[in-house]
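Architecture at a glance
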Amino acid sequence: MRIADICRARKIAYFGLPRNRESHPNRSHGISMNWIFHNIVRPLRPELFGFLDHDCFPTVPVDIAAAMEGKIVHGSKRPAQADPEAWFLWAGFCFFRFSAVQGLNLDFTPRFASGMDTGGGNWSLLYRGLGENDVSDAQKTAADLDFDGMEANHRMLGGAFFHVGGASHRKLVMTPRYRRLISDHVWETHLGGGESRLVKDP
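So, here's what we can say about the structure. (Residues numbered from 1 in each chain as written. Predicted model: local features only at pLDDT ≥ 70, side-chain atom pairs only at ≥ 80, totals over all residues. Heavy atoms only, no water.)

1. What about helix 7 (residues 176-190)?
Between the first and last C-alpha of helix 7 there are 21 Å, a value that for 15 residues agrees with the 21 Å anticipated at 1.5 Å per step. Residues of helix 7 that are buried include every one of Y178, L181, I182, S183, H185, V186 and W187, and no others. Following helix 7 by one or two positions, G192 has its phi on the positive side, about 75 degrees. (Helix = DSSP H or I, 4+ residues; strand = E, 2+ residues; numbered from the N terminus. Expected span 1.5 Å × (residues − 1). Buried < 20%, exposed > 50% of the residue type's maximum accessible area, 1.4 Å probe, protein only.)

Here it is in structure tokens:
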């Protein structure tokens with residue numbers, strides 16, 4: 001597997017998930033996050049833990065611990081579409097203080113009836129009980145790009161993470177040419193050039 005090979009070359013720990021038979025991508029994502037929380041995070045008992053999507057790239061040195069100083073959660077806060085009181089952290093960029101959630105059976109699956117995507121299951125378990133000072137909501141700014149006339153709207157999160165957005169399902173992002181252009185952009189603009197790239201698109 002290419003991801004496992006990259007992690008091995010970079011000396012980064014890699015855990016393969018068990019087979020997931022859920023066909024809906026959002027529910028599948030939430031089930032995978034639940035497995036990670038209960039089988040990896042809980043036994044390790046880290047001070048902080050979090051989830052970062054595959055299309056969300058740090059572009060500068062990041063200090064998550066500093067962002068979470070005095071906070072219980074940090075991430076990209078999103079409102080529920082069908083419940084004016086509810087909100088959730090986007091599953092692709094969310095961080096937690098373990099001591100505050102160790103006794104909870106966190107559930108990252110969606111709550112579509114309330115208009116909440118992956119991570120919405122934690123509204124009733126965690127988020128609804130948090131005060132404003134418990135939450136660090138990462139600033140979101142637009143990162144509009146134009147590659148040879150192909151325009152796409154992406155975001156910067158917390159001034160540090162470049163989120164491609166829709167890398168698994170948007171038609172434009174899925175084209176080989178656009179993927180190559182966005183990859184070159186990330187490496188050349190934010191990562192100091194592509195000399196150390198392990199995978200090069202054709």
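2. Notes on the side chain of T59
Among the structural elements, T59 can be located in the loop between strand 2 (56-58) and helix 3 (64-67). We classify T59 as buried; its relative accessible area is 13%. A polar contact is formed between the side chain of T59 and the backbone oxygen of A160, at a distance of 2.7 Å. Excluding residues within four positions of it along the chain, T59 makes contact with M156, A160, F162 and H190. (Polar contact = N/O pair within 3.5 Å; in protein donor to acceptor, adjacent residues only side chain to side chain. Contact = heavy atoms within 4.5 Å.)

3. With respect to the sheet that holds strand 1 (residues 48-52)
Ordered by their spatial adjacency, 4 strands build an open sheet running 1-4-3-5, and the pairing between neighbours is mixed. In this open sheet, the two edge strands, each paired with only one partner strand, are strand 1 and strand 5 (135-137). Adjacent strand axes in the sheet meet at a mean angle of 35 degrees, parallel and antiparallel pairs treated alike. Direction of pairing for strand 3 (residues 73-79) relative to strand 4 (residues 87-97): antiparallel, over a ladder of 6 bridges. Following the sheet pairing, P79 is matched in strand 4 by W87. In the packing of helix 2 (residues 25-44) onto the sheet, contacts are made with strand 1 and strand 4, and the angle to strand 1 comes to roughly 155 degrees. (Pairing = 2+ DSSP bridges. Axes fitted to C-alpha atoms, helices over the stretch in contact; angles between N-to-C directions.)

4. Notes on the pattern of salt bridges
Enumeration according to the criterion identifies 6 salt bridges in this entry. The salt bridge involving E22 is made with R27; its shortest N-O contact spans 3.4 Å. By relative accessible area, E22 is classed as partly exposed at 26%. Using a relative accessible area of 34% as the deciding quantity, one classes R27 as partly exposed. Taking the shortest distance from any N to any O, the salt bridge between R97 and E47 comes out at 3.5 Å. Of the two residues, R97 sits in strand 4 while E47 sits in the loop between helix 2 and strand 1, which places them 50 residues apart along the sequence. (Salt bridge = Lys/Arg side-chain N within 4 Å of Asp/Glu carboxyl O.)

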